[in-house]
Amino acid sequence: MPTSSTERSRRRHVIDLDDFSATEIEEILTTTESMKEVLSREIKQVPALRGRTIVNMFYEDSTRTRISFELAARALSANIVNFSARGSSVEKGESLVDTVRTLQALGADVVVIRHSQSGAPYLVAQHFRGSVINAGDGRHAHPTQALLDLYTMRERLGQIRGVHVLILGDVVHSRVARSNLWGLTRMGARVTLCGPATLLGPPAYWTATWPEVTISYQLDEVLSSADVVMVLRLQKERQQAGLLPSLREYTRLYGLTPERLARLGERVLIMHPGPMNEGVEISPEAATAPNAVIEEQVTNGVAVRMALLYRLAG
Amino acid sequence: MRYLIKNGSIIDPAQRVATVGDVLVSDGKVERLFEIADRAAEQHVLDDGVEIIDARGAVVAPGFTDLHAYLRQPGEEHKETIASGTRAAAHGGFTTVCAMPTEHPTHDTAATVRLVQELARREGYVHVDVVGALTVGREGRALADLGELAEAGCIAFSDGDRALSDAALMRHALAYAAALGLPVMSFCQEARLSAGWAMHEGAVSTRLGLPGFPAAAEEALIARDIALAELTGAHLHICQVSTAGGVALIRAARARGARVTAEVSPHHLTLTDRWVLGALAAHDPAPKAPARQRRQRNPHPELGLPSWLDPTRLPPYDSSTRVCPPLRTEEDIEALAEGLRDGTIDAIATGHSPQSRVEKECEYGLAAPGISSLETALALALSLVHRGEMDMVDLVARLTEGPAQVLGRSPATLRPGARADIVIFDPDAAWTVDAMRFVSRGQNTPLHGQRLKGQVMLTMAGGKIVFRRNGFGTPDAAPAH
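Residues numbered from 1 in each chain as written. Chains lettered and ligands numbered in written order. Predicted model: local features only at pLDDT ≥ 70, side-chain atom pairs only at ≥ 80, totals over all residues. Heavy atoms only, no water.

A few words on the overall build of chain A. From N to C terminus, chain A includes 13 helices and nine strands. In terms of overall size, chain A behaves like a compact globule, its C-alpha atoms giving a radius of gyration of 19 Å where 314 residues would be expected to give roughly 20 Å. With the principal axes as the frame, chain A shows a C-alpha extent of 55 × 45 × 35 Å. Counting over 314 residues, chain A shows a buried share of 58%. Looking at chain A alone, contacts between residues at least 24 apart form 73% of all its contacts between residues at least 6 apart. A total of about 13000 Å² of accessible surface is found on chain A, and carbon and sulfur atoms cover 49% of it. (Helix = DSSP H or I, 4+ residues; strand = E, 2+ residues; numbered from the N terminus. Rg over C-alpha atoms; globule rule 2.2 N^0.38 Å. Buried < 20%, exposed > 50% of the residue type's maximum accessible area, 1.4 Å probe, protein only. Contact = heavy atoms within 4.5 Å. Areas by Shrake-Rupley, 256 points an atom, 1.4 Å probe, with all protein chains shown as cover.)

Attention shifts here to the overall build of chain B. Looking only at helices and strands, chain B features 16 helices and 18 strands. Relative to a compact globule of 481 residues, whose C-alpha radius of gyration would be 23 Å, chain B shows 22 Å and is just as compact. For chain B, the C-alpha atoms occupy an extent of roughly 65 × 55 × 45 Å along the three principal directions. Taken across its 481 residues, chain B has 64% of its residues classed as buried.

Tallying each qualifying case throughout the model produces eight aromatic pairs over all chains. Judged by centre distance (5.6 Å) and plane angle (70°), the rings of F64(B) and F94(B) are edge-to-face. Of this pair, F64(B) sits in strand β6 (residues 64-69) while F94(B) is found in strand β7 (residues 94-99), placing the two residues 30 residues apart along the sequence. Classification of F64(B) as buried rests on a relative accessible area of 1%. By way of ring pairs, the aromatic residues W182(A), W206(A) and W210(A) are connected into one cluster. Positioned above the aromatic ring of F213(B) is the side chain of R328(B), whose terminal nitrogen or guanidinium carbon lies 4.6 Å from the ring centre. (Phe/Tyr/Trp six-rings, centres within 6.5 Å; stacked < 30°, edge-to-face > 60°. Lys NZ or Arg CZ within 6 Å of the ring centre and 35° of its normal.)

All names here are of chain A. An order of β2-β1-β3-β4 is seen for the four strands of this open sheet, with the pairing classed as parallel. The open sheet has two edge strands, β2 (79-84) and β4 (131-137), and neither has a second partner. Strand-to-strand twist of the sheet, defined as the mean angle between neighbouring strand axes without regard to direction, takes the value 15°. Relative to β4, strand β3 (residues 110-115) is paired through five bridges, and the arrangement is parallel. Each residue of the ladder has a partner; that of H115, found in β4, is D137. Contacting β1 (53-58), β3 and β4, helix α13 (residues 294-313) runs over the sheet at an angle of about 150° to β4. (Pairing = 2+ DSSP bridges. Axes fitted to C-alpha atoms, helices over the stretch in contact; angles between N-to-C directions.)

With that settled, the discussion passes to helix α3 (residues 96-105) of chain A. Residue and element names in this part refer to chain A. Buried residues of α3: L96, V97, T99, V100, L103 and Q104, and no others. Here the buried residues of α3 occupy an arc of 160° about the axis, which is enough to place them on one side. Residues of α3 that are buried make contact with β1, β2, β3 and α4 (120-127). (Arc of directions from axis to C-beta.)

Turning next to the interface of chain A and chain B. On the side of chain B, 25 residues touch chain A, which itself brings 25 residues to the contact. For the pair chain A and chain B, the summed buried area comes to about 2000 Å², and 55% of that belongs to carbon and sulfur atoms. The interface formed by chain A and chain B includes two salt bridges. D18(A) is the partner of R207(B) in a salt bridge, and the nearest nitrogen-oxygen pair spans 3.1 Å. Summed over the shared surface of chain A and chain B, the number is six residue pairs in polar contact (both at pLDDT 80 or more). Elements supplying a minimum of two residues to the side of chain A that touches chain B: α3, α4, α6 (175-186) and α7 (203-207) of chain A. If one sorts the elements of the side of chain A that touches chain B by residue count, α4(A) sits on top with five residues. Residue composition of the side of chain A that touches chain B, grouped by class: 12 nonpolar, nine polar and four charged. (Buried area = accessible area lost by both parts, 1.4 Å probe. Salt bridge = Lys/Arg side-chain N within 4 Å of Asp/Glu carboxyl O. Polar contact = N/O pair within 3.5 Å; in protein donor to acceptor, adjacent residues only side chain to side chain. Nonpolar A, V, L, I, M, F, W, Y, C, P; charged D, E, K, R; others polar.)

All names here are of chain B. Note that K6 resides in strand β1 (residues 2-12). For K6, a relative accessible area of 17% puts it in the buried group. Once you skip the residues sitting within four places of it in the chain, K6 turns out to touch G21, D22, R39, E42, I52, I53, D54, A55 and R56.

Residue and element names in this part refer to chain B. Taken as a whole, this structure holds seven cavities of 30 Å³ or more when the rule is applied. By volume, the second largest cavity is sized at about 70 Å³. Lining of the second largest cavity is provided by 14 residues; of these, R162, A163, L164, S186 and F187 occupy positions nearest its centre. Taken together, the elements giving at least two residues each to the lining of the second largest cavity come down to β10 (184-186) and α7 (215-232). Looking at the lining of the second largest cavity, its residues break down into seven nonpolar, three polar and four charged. (1 Å grid on protein atoms, 1.4 Å probe; cavity = no way out; pocket = protein on both sides within 12 Å on 5 of 7 lines; lining within 4 Å. Points joined across faces, edges and corners; volume = space filled by probe spheres on them.)

Structural data, given as structure tokens:
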């Protein structure tokens, strides 16, 4: 299902960045800049989406993404309603499709969906006449996170083309990594994926879709050439599932430790989509280093989501 | 009732016959075959109430045998019943269906087996053979009363699509079944290696972020079961083989003389994991080095997969493409076709798994696996013939003789005296799949809206016409094409 048509007609859904051109991404980043200006005003609100109804459909807990969308919607004066799977009809066995039909009938214009199953937003889009924004689905995609990452990089580094981005950690389970792969390669960045073999899988699995990407199992070999280190969250369950010998060994081989931080140039950006496991994939020293932009990512997230809501529903 | 099926292209692999001629059916049996040269002898049968079926342009063959179908009754009648499932079989040209164990209750007692047999006798459109459960409740913990099930008439033992993870129990099952003279049909899936799977593990699952079922999870269990079959001397039948590695293991085992047989489904022979991409496949680079080099002998390159079967008609993550084992890659398809051609794989078996809308209209990873495949099986299988990868006689053999051999039976045939199980199909008739018009209760197919080539025109089971398309063969019907 095309989520946009190739001609300059308006995009209807944001499900992944795979169907975004570099031009469209540029446009969104430019709009984000204007939105950031709105957020810097004393009264952080414009009437752009007055009368529009946005539903936050969160089938998976995520306080920060949900609040980010909520603030974005309010800053544009839209009505926003939170639907969380807990304590809702989902517990009574209602299917995703039934829920979407209900929201449709209630008059929602935009559905923001977070779901643990990859591909769920496509199913929603098939049954919903309005717009769908993917706020993270399984291991598949997290396009708003990737866009805020691109925005943060461009703001700090001036451009994305030619930048070497190291995506570090649990890549195989990461929707953030996948959406960034689409966005970064489309914008002309160089991408290296690095992590333990159990959390990367065979290189050919990645290069079939993203031929330009480099795969490495040796962090210390690739760290020195990076302009951006994007550290991914390591879920402790991975160790319990047998994918890792121990968290200690993970930190030793793949953690952004104070020693590795010292070896990074001062202009190398440290990013993390959050929430962090400090002391595991990233040391507190690295998380609070002057070149860490983790809080800026969060701030920029609101502006990026405003830009998307505005483009879809404005 | 007597029928004279005239002018068809008769293909009877059991007799090594491929000729144009007529088949005379009477009293539920094949009475006689007339080749063109025998026409004079034919005149005297034409008098007393013989109905003539004009099969010009169509193939006349023994009815197909399906080794692997889920008819779901008793227990899950919202998905399928014996009546609807066997009617779908008749539409697909199958005159014998092996009913895999149901969910609950399952075929682990003689009582359930007899109920299925009784329902089939009363309501079935075609013959039904019952596959007994291998373990109690198909739970993989204790053997079912296999002797009692054999006495009740079960033709094989299987836990259906639930692999037996306990290797010691599998060894005992094989040894016990061998003593009863019946095969064990094993569905090979190493559970831990495929835990939480949604589709084939590879580049596409990585791109879509779906948990994978690696080929190794099938191959590991095939290897284990072959070793156990050789240890016990039992007849092991591998269900629904889907991987190139699996085919190689089976080929090597047969070369050593192991009693190993195998089946493949029409969809595993023709569809790949790229079908899960659906519309996304349109923008996705095709696999770098297409393994499937078009064969030189392909007389119709234009009939190759891309033009006739188009995954981009589906939305991304369409749950109709979720099947167990999952759709694999072009390399696997190539190896499966080779295995089918050289006889490593004995039979095409549909793996018919009807599901209701509730089980399918949901998130991909939560959707029940399965494809309702009886009604599209022949057309998908024929694509191998249309692509020049297999000849028609061999293909018909894998639908008739092959499955009969797996069951240790004399093959279905059009020899005089044989039960009149006959299919007439037009290999060149193009049609568009409309799942809403399936007679199976399961409308779950990724092929909805696709153009296929090859259509069953008439099916006769035990001399009775159980399916006839638009008055096929009558004087007022349009010619086959």
